[in-house]
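# Coordinate inspection notes
Letter by letter, the chains look like this.
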Amino acid sequence: MAYDIRLVKIVTGELIIGKYDAAAKALTDVAIMQTVPTQQGGMQLMLLPYGYPFEQSFTGKISEEHFLYVYANAPQEMIDKYLETSSNFTLKSGGLDPNPAGGSSSGLIL
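Residues numbered from 1 in each chain as written. Predicted model: local features only at pLDDT ≥ 70, side-chain atom pairs only at ≥ 80, totals over all residues. Heavy atoms only, no water.

Let us look at the nonpolar core. Core analysis: the largest hydrophobic core is formed by twelve residues, namely Ile5, Leu7, Ile17, Ala31, Met33, Leu47, Phe58, Ala74, Met78, Ile79, Tyr82 and Leu83. Elements represented by at least two residues in this core include exactly strand E1 (5-10), strand E3 (26-37) and helix H1 (76-87). Counting ten residues, the second largest nonpolar core, distinct from the first, contains Ile16, Tyr20, Leu48 and Ile62. (Core = buried A, V, L, I, M, F, W, Y, C linked by side-chain atoms within 4.5 Å. Buried < 20%, exposed > 50% of the residue type's maximum accessible area, 1.4 Å probe, protein only. Helix = DSSP H or I, 4+ residues; strand = E, 2+ residues; numbered from the N terminus.)

As a further point, take the confidence of the model for the protein. Per-residue confidence for the protein averages 83 on the pLDDT scale, and 78% of its residues sit at or above 70. Per-element confidence in the protein ranges from a low mean pLDDT of 54 for strand E7 (residues 108-109) to a high of 97 for strand E6 (residues 67-70). (pLDDT = per-residue confidence, 0-100.)

So, about the pairing of strand E4 (residues 43-49). With seven bridges connecting them, E3 and E4 associate as antiparallel partners. The residue of E4 that forms the bridge with proline 37 is methionine 43. (Pairing = 2+ DSSP bridges.)

In structure tokens form, the structure reads like this:
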């Protein structure tokens, strides 16, 4: 099943990613992107359920009336990591991974 994955900045300034539901005019299974400083002085992105820490799974929904900006293209690596994290599956080219390691609901660092 193909999903319409969208990267969106909402009116609060937060950067979120989720599955767009055209019928509901909303993003579902929403993840928020948090920046995390590295020891080398750089930054990494971490995906968390939008309702974290009170919700441990990706179940939230945000109406498109709260969208400030919809990115035309999300990086494919970001989409793959979102799908792995929100579905507990590991996406890997060349077939199924017999020992999946993805799917942490507590977050994923890209």
